[in-house]
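Geometric and topological summary
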Amino acid sequence: MFAYYLRLALSSFKRNPGLTALMVFAIALGISVCMITMTSYRAAAANPAGDRSSILFSASIDSWDPEDPYDSDQKDPETGKPLAPTQLTYRDAQGLYASKIPDRKVMMYKAGGIYSRPDKAMEPEYIATRMTTADFFGMFETPFLYGGPWDAKADAGPEPVVVLSKETNQKAFGGENSVGKMVRWHDREFRVIGVLNDWEPYPKYFDVSNGSFTDMEGAYMPFAWGRVLELGSDGNTNCWKTETIDSFEAFLNSECVWFHAWFEIREPAKQREFREFLDNYVIEQKKHGRFPRPLNNYLYDVSGWLKRNKVVEDDNKAMLVLAFAFLAVCLVNTVGLLLAKFLNAAPVAGVRRALGASRRDIFWQHLTESGVVALAGGMMGGLLGYGGVWALRTWYAQFEDDVGRSLPFDSMNFLLVIGIAVLAGVVAGLYPAWRIGRAAPASYLKAQ
Amino acid sequence: MEIRPIFSALLRNRAGAILVSLQIALTLAIVVNAVYVTQQRVEKIGRPSGIDDQNIFSFSATGFEKDFDFPAMVRADLDLMRKMPGVIDAAPSSHVPLSGSGSSSGFFSLPNEKGKDSPANTYWTDDHGVNALGVKLSGGTTFDPSAVKYLDQYPQFMEPDVIVSQGFAEALFPKENALGKTFYDNHSKPYKIIGVIEHMHGAWVGWDKLDRVILSSMVGPKPNTRYLVRVRPGEIDRVMAEVETALRKRDPNRVIGKLTKMSEHKKRSYSNDSFMAITLTTVTGLVVVFSALGIFGLATFNVNTRTRQIGTRRAVGARKRDIVRYFMTENWLVTTLGVVVGCCLALAAGFWLSTQYNMPRLDLYYLVGGVLGLWIVGQLAAWQPSLKAAKVSPAMATRTV
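Residues numbered from 1 in each chain as written. Chains lettered and ligands numbered in written order. Predicted model: local features only at pLDDT ≥ 70, side-chain atom pairs only at ≥ 80, totals over all residues.

Secondary structure summary: chain B contains 12 helices and 14 strands in total. Its C-alpha radius of gyration of 33 Å places chain B more than 25% over the 21 Å reference for a compact globule of 401 residues. Dimensions of chain B, computed from the C-alpha atoms along their principal axes, are close to 105 × 50 × 30 Å. By residue count, 43% of the 401 residues in chain B fall in the buried class. Pairs at least 24 apart in sequence give 83% of the contacts found in chain B among residues at least 6 apart. (Helix = DSSP H or I, 4+ residues; strand = E, 2+ residues; numbered from the N terminus. Rg over C-alpha atoms; globule rule 2.2 N^0.38 Å. Buried ≥ 20, exposed ≤ 12 C-beta atoms within 10 Å, placed from the backbone. Contact = placed C-beta atoms within 7 Å.)

Residue and element names in this part refer to chain B. With 14 residues, helix 3 (residues 70-83) extends 20 Å from end C-alpha to end C-alpha; this agrees with the ideal 20 Å at 1.5 Å per step. Residues of helix 3 that are buried include every one of Phe70, Met73, Val74, Asp77, Leu78 and Met81, and no others. Buried residues in helix 3, looked at end-on, bunch into an arc of 120°, giving them a common side. For helix 3, exposure combined with an orientation more than 90 degrees from the buried face picks out Ala72, Asp79 and Lys83. (Expected span 1.5 Å × (residues − 1). Arc of directions from axis to C-beta.)

All right, on to the domain arrangement of chain A then. Residues and elements named next belong to chain A. In terms of domains, chain A is made up of domain 1 (2-45 + 313-447) and domain 2 (50-308). Using only C-alpha atoms to locate each centre, domain 1 and domain 2 end up separated by 49 Å. Of the residues lining the interface, four residues belong to domain 1; the matching set on domain 2 comes to seven residues. For the side of domain 1 that touches domain 2, the per-class residue count stands at two nonpolar, one polar and one charged. (Domains from an automatic or database assignment. Nonpolar A, V, L, I, M, F, W, Y, C, P; charged D, E, K, R; others polar.)

This part takes up the nonpolar core. Nonpolar side chains tend toward joint burial in soluble globular proteins. Counting residues in hydrophobic clusters, the biggest one holds 223 residues, and the most contacted among them are A:Val162, A:Ala261, A:Phe326, B:Leu28, B:Ile30 and B:Val164. In terms of residue count, helix 11 (residues 314-344) of chain A provides more of this core than any other element does, 18 residues in total. In contact with A:Val162, other than residues within four places in its own chain, are A:Val183, A:Phe190, A:Val192, A:Ile193, A:Ala219, A:Tyr220 and A:Met221. (Core = buried A, V, L, I, M, F, W, Y, C linked by C-beta atoms within 7 Å.)

Here we come to helix 6 (residues 236-250) of chain B. Here helix 6 of chain B spans 21 Å end to end across 15 residues, near enough to the 21 Å set by a 1.5 Å rise per residue. If you follow the buried residues of helix 6 of chain B, they end up packed against strand 1 (56-63), helix 3, strand 2 (87-93), strand 12 (224-231), strand 13 (254-256) and strand 14 (260-261) of chain B.

All names here are of chain A. Among the 13 residues in strand 4 (residues 104-116), 11 count as buried, and that is most of the element. Inspection of the sheet shows strand 4 paired to strand 11 (residues 260-264) by five bridges, in the antiparallel sense. Of the residues in strand 11, the one forming a bridge with Val106 is Trp262. Sheet topology note: the strand 4/strand 5 (residues 125-132) ladder contains seven bridges and is antiparallel. Residue pairing across strands places Gly113 opposite Ile127, the latter belonging to strand 5. Relative to strand 8 (residues 182-185), strand 4 is paired through two bridges, and the arrangement is antiparallel. Note that in strand 8 the partner of Tyr115 across the bridge is Trp185. (Pairing = 2+ DSSP bridges.)

Further remarks concern the packing of helix 11 of chain A against helix 14 (residues 411-438) of chain A. Residue and element names in this part refer to chain A. The geometry of helix 11 relative to helix 14 is characterised by a closest axis approach of 9 Å and an angle of 30° between their N-to-C directions. Classified by the interaxial angle, the pair formed by helix 11 and helix 14 is roughly parallel. The element helix 11 and its partner helix 14 pack so that their crossing is right-handed. For the pair formed by helix 11 and helix 14, the contact residues are Leu327, Leu331, Thr334, Val335, Leu338, Leu339, Phe342 and Leu343 on the first element and Ala424, Ala428, Gly429, Tyr431, Pro432, Arg435 and Ile436 on the second. (Axes fitted to C-alpha atoms, helices over the stretch in contact; angles between N-to-C directions. Parallel < 35°, antiparallel > 145°, perpendicular 65-115°, else oblique. Left-handed = near helix turned anticlockwise from the far one by under 90°.)

This part covers unusual backbone geometry. All names here are of chain A. A cis amide bond links Gly157 to the next residue, Pro158, at an omega of -15°. With respect to the secondary-structure elements, Pro158 resides in the loop between helix 5 (152-156) and strand 7 (161-164). Of the consecutive residues Tyr202 and Pro203, the connecting peptide bond is found in the cis state with omega at -5°. Looking at where Pro203 falls in the secondary structure, it is placed in the loop between strand 9 (188-196) and strand 10 (219-222).

A few words on the interface of chain B and chain A. In this assembly, 38 residues from chain B lie in contact with 37 residues from chain A. If you list the elements that add at least two residues to the side of chain B that touches chain A, you get helix 2 (14-46) and helix 8 (271-305) of chain B. The greatest single-element share of the side of chain B that touches chain A, amounting to 13 residues, is contributed by helix 8 of chain B. Of the residues that constitute the side of chain B that touches chain A, the class distribution is 20 nonpolar, 15 polar and three charged.

All names here are of chain A. Within the element layout of this structure, Glu264 appears in strand 11. On the basis of neighbour count, Glu264 is assigned to the partly exposed category, with 17 C-beta atoms found within 10 Å. Put simply, Glu264 and Phe140 are 124 residues apart on the chain and 9.9 Å apart in space, counted from C-alpha to C-alpha. Apart from residues lying up to four places away in sequence, Glu264 is in contact with Ile55, Leu56, Pro102, Asp103, Arg104 and Met139.

Turning our eyes to something else, we now look at the packing of helix 13 (residues 359-396) of chain A against helix 14 of chain A. Residues and elements named next belong to chain A. Here helix 13 crosses helix 14 at 150°, and the two axes come no closer than 7 Å. One element, helix 13, and the other, helix 14, form an angle in the roughly antiparallel class. Helix 13 and helix 14 meet at a crossing whose hand is right-handed. Looking at side-chain class alone, the contact of helix 13 with helix 14 contains 19 nonpolar, 11 polar and two charged residues.

Take a look at the structure:
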């Protein structure tokens, strides 16, 4: 029966090719706009930590100005209190890192410097460098092409070791296995201990302070070198307190925030314990005259952290809503066109009824027809959507820190929008199909 | 013309009329809000930066040898560039305006954090900075060459003489001439305003205090600075290539970063706004076209199914003009129903957007414009089917009865 309805649908399309094309096109456009905005939304809403999302935690403690909260725009949805800074002071990064509760832990910030080779075989170049501790590579599951991470001993030294990105290794060593070779950092030498493979977890969840889609760093160095080499942040630094900062040591001891710390804590009991530790840490510091604001600490897992940092921007959400509103207009349009088309062909339905087709038969026949229109519209819309995503990627590619690279040509999105289209098409066809099925055959036969 | 018979005829084919009304309502809600948001983004993108941003490029220079002479490097680089053909001026700069990377601090009109206060983007440059940016001084002068300080390390304070933008001047000294006035940082260190820039944008285009800028006469700190190079219109590509070659040749023992046009930085800073504006404009256009098609379809359908009725009316004396008017009025009624519902939807959507997504509240003029626009679109879409109706011959009345 279904095959017969399909045949009827096709012959009906032939009868009004223009009208049919218009319906298909309307659905296709609505669907393609949905697909483009959905792709952009899903890219921003992605959580690259996967199933580790719920065991990785970033701490946020309120070390800010008693007069003026860090973030007056964003309030804690539960308590209504203004949220705490998203970065830590040097002292607090050290203080929290010292805890024995987490299974693994990391503190870090973004710096940079000029790399070259002792044998002058590399054109000197500025390379953004993440100053971090040994567990970074395990906690964020960085893939290694050659070698591996440094260990806690190298952190303590600090030993002059460096991990290069694949791209930096290409620049410095033409892509060969460089483990054990030396690179120059300004006028010092560092030994390559590992080379990462391609690694682009977007959004860049472990540090979104310079944007969620900014380039990964080209090299990684033991955190303690930051203090030895007096490296300030090449990321983001925020200060509130009036204090004399006349040396790098004074800067490190100031209330300026520019560090991130992450903790891997697998057991819920330990997670609770660590939250208590945070509060106790702040209470202890208050005794020394720090933390003038009321107790306001947060321990975010990865998805909570992404939300706290508004990685999905308001614009993303507003456009998604708009896209579906546009799809709704396209669908209402389609309902109207289907109705007109079905009623136009009512005499045919009348003849079929007179020859013995039931109301239900007529209903299903017409619903099949609208389903086919929707399927065609959905597929065309999906293809148009791919085109749109491609155009968007091309457009974003002209900029540094290309946001577009995170937009996938996702077959999941494609199937999803086709599903939405068919569902929407069937919903749109319900009323017209019911209406035509209800019409009395006699009136149409009479007019012929 | 009687509206009642039209109304009762409409009621006979409720479904079609309701669908078109609904479509018009949704269209109005979408279009009014989309146009409003687009308009704001376009205005934001198009506002002047005060800087000659189409004719400036920038890059960084970093020394890395142990005992290199930082001031000598900067002076030699700048001397070389300023003499090159096509270059209007070149200056060091701590950051590049409009790039999304910068530095800001808070300042006060009185010591001890008293009086008016305002944050400002701070840029460090030399006596050529004003000219290299292409900003206009509305009063005062630029820095004296002897005031420029080359830094060995990150300074705790700026140099005492500063040039500020009018936006910053107004924030600290409203309705006063700020030239010659003194303001203070949070350590109560005084700064004297020796020049006022008519208008200049700073680092972050999304910041509502973007036009509050301070220039200070410092370079560095060692071993790094950026350069801004302003060129004559149309010569930027040639000069960029020549500058890169010349500087690398002058001293290969430091790193010259990637040369980037300020217009690129600007485009990138506004890229999300552009994306939003492009998407909204496209969707708006499509929605209007679809609505017109919907109206056209319904009108055509109504005409086709009512040929006998039209024929009868013609046969009993209705003129062609009356038929046209009948269908146009019918269409107007449907559009108006849609527009009334649409106004409520548009206001609700606008309110929701402003509360949920921090967008400004919908301006009512846009609603009025949208209503008028849809009335016109509706009448235009119904015009052709109405003319077709008028051509129905009175003989139709007799043919099939």
